[in-house]
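# Reading the structure
The primary structure of each chain is shown beneath.
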Amino acid sequence: MGDLAHSYGLDMTVHHHPLGFSYGDEVTGPMPEIRQLDQIRASMRDQNCEGPQEVYAIAMDVARMQDREELKKRMLLFGVVTYAAGRLGEEPVRSQGHIHRISQHSGWSPPELYEIWQGKAIIYMQEYVEDDPGRCFAVIAGPGEKVLVPPGWGHATISADPDVPLTFGAWCDREYGFEYDAVRAHKGLAWYPLLQGNNVIWQHNPRYIPGRLQAVTPRQAPRDMAKLSSIKKPGHSPNACQLTMMSGPTEVMNLLPPAYCYVHLSDITSLRQYEL
């Protein structure tokens, strides 16, 4: 898995037996946190299911040493996540449903920008984590594609292929934090992903008001994201500004309609190949 990470600009290796990461000489990162099956049961349809006990590994604050101080200054954080292969009972391997805690420095529940490195992902997102979930999207993405989750939306990342471990990178606010209580109170998000063979189907969670789930791909969204490139601060490249919205989203998100939440950011070639 070393070549995989190198192709996205990081000298690191992704491991699956056991789950984890190792870093090259010019990259720093923490010991990964391992999410156990028992830790995510509260957000699952079948809370007694069987599956891999180590569901996924997550390492937040991964960076090239030359970039670390600049990322701190801009309140940006990069994380890498890898999943186990397999399934959790009838459900695919996935993260817990959550929203992001409000950041003190920005006053927002920050957005998050994903890039898929390996496997097939579904980024599920819903507008609210209350009884009425509002708009719900299942964004299907493959290697190299990017998905933006808007501020304040509940979401979870799902491995859509049980035979291939899902690995992805993500940009977020340095003051990130996860809020699980509202989702756990509903025993999950508004739609449960289920595996039928190797295909993902969806079942509504009856603890939410019934609504519509829209399944889309990143490239089905509007493509005039050049607007982002035109929003520059002095001394910032377009890519740097696009990433700055992770920690200070008001200057960008207010200019875009909600439909852009699942746009393919084709002008960012890799989340790690940014210009600071």
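Residues numbered from 1 in each chain as written. Predicted model: local features only at pLDDT ≥ 70, side-chain atom pairs only at ≥ 80, totals over all residues. Heavy atoms only, no water.

Moving on: the overall build of the protein. A count of helical and extended segments in the protein gives seven helices and 20 strands. Looking at the protein as a whole, 55% of its 276 residues qualify as buried. Accessible surface, the protein as shown: approximately 11400 Å² in total, 50% of it carbon and sulfur. (Helix = DSSP H or I, 4+ residues; strand = E, 2+ residues; numbered from the N terminus. Buried < 20%, exposed > 50% of the residue type's maximum accessible area, 1.4 Å probe, protein only. Areas by Shrake-Rupley, 256 points an atom, 1.4 Å probe, with all protein chains shown as cover.)

Cis geometry is found at the peptide bond from His17 to Pro18, where omega equals 0°. Inspection of the secondary structure assignment puts Pro18 in the loop between β1 (12–16) and β2 (19–23). Of note, Asp61 is a non-glycine position whose phi angle comes to about 70°, a positive value. For Asp61, the location among the structural elements is in the loop between β5 (54–60) and β6 (63–64). At Lys187, a residue that is not glycine, the phi angle is positive and equals roughly 55°.

It is worth spelling out the environment of Asp38 at this point. Within the secondary structure, Asp38 sits in helix α2 (residues 37–40). Sequence separation of Asp38 and Glu54 is 16 residues, and the distance between their C-alpha atoms is 9.3 Å. Polar contacts involving the side chain of Asp38 include one to the side chain of Arg41, which spans 2.7 Å. (Polar contact = N/O pair within 3.5 Å; in protein donor to acceptor, adjacent residues only side chain to side chain.)

Before going further, it helps to examine the sheet that holds strand β16 (residues 167–173). The six strands lie next to each other as β4-β5-β7-β16-β11-β14, forming an open sheet whose pairing is antiparallel. Each of the sheet's edge strands pairs with one partner strand only, and the pair in question is β4 (33–36) and β14 (146–149). Between one strand axis and the next, the sheet turns through 25° on average, direction left out of account. (Pairing = 2+ DSSP bridges. Axes fitted to C-alpha atoms, helices over the stretch in contact; angles between N-to-C directions.)

To continue, consider the confidence of the model for the protein. Across the protein, the average pLDDT comes to 81, with 76% of residues at or above 70. Confidence over residues 221–241 falls short of pLDDT 50; this stretch has 42 contacts with residues more than four positions distant or in other chains. Considering only residues more than four positions removed or in separate chains, one finds that residues 255–276, a stretch of pLDDT under 50, has 87 contacts. (pLDDT = per-residue confidence, 0-100. Contact = heavy atoms within 4.5 Å.)

This paragraph deals with the pairing of strand β13 (residues 136–141). The buried fraction of β13 amounts to five of the six residues, a majority that puts the element mostly inside the structure. As paired strands, strand β12 (residues 121–126) and β13 are joined by six bridges and run antiparallel to one another. Bridged to Ile123 within β13 is Val139. Of the strand pairs in this sheet, β13 and strand β20 (residues 213–216) are connected by four bridges, and their pairing is parallel. When the bridges of β20 are listed, Ala138 appears paired with Ala215.

Attention shifts here to the pairing of strand β11 (residues 112–118). Burial runs high along β11: seven of the seven residues are buried. Looking at chain direction, β11 and β14 are connected through four bridges and run antiparallel. Residue pairing in the sheet places Glu112 in a bridge with Val149 of β14. As judged from the five bridges shared by β11 and β16, these two strands associate in the antiparallel manner. Residue pairing across strands places Leu113 opposite Trp171, the latter belonging to β16.

Here we have four strands laid out as an open sheet, ordered β15-β12-β13-β20, and mixed in their pairing. Two strands in the sheet have a free side with no partner beyond their single neighbour: β15 (154–159) and β20. Pairwise comparison of adjacent strand axes, ignoring direction, gives a mean angle of 15° for this sheet.

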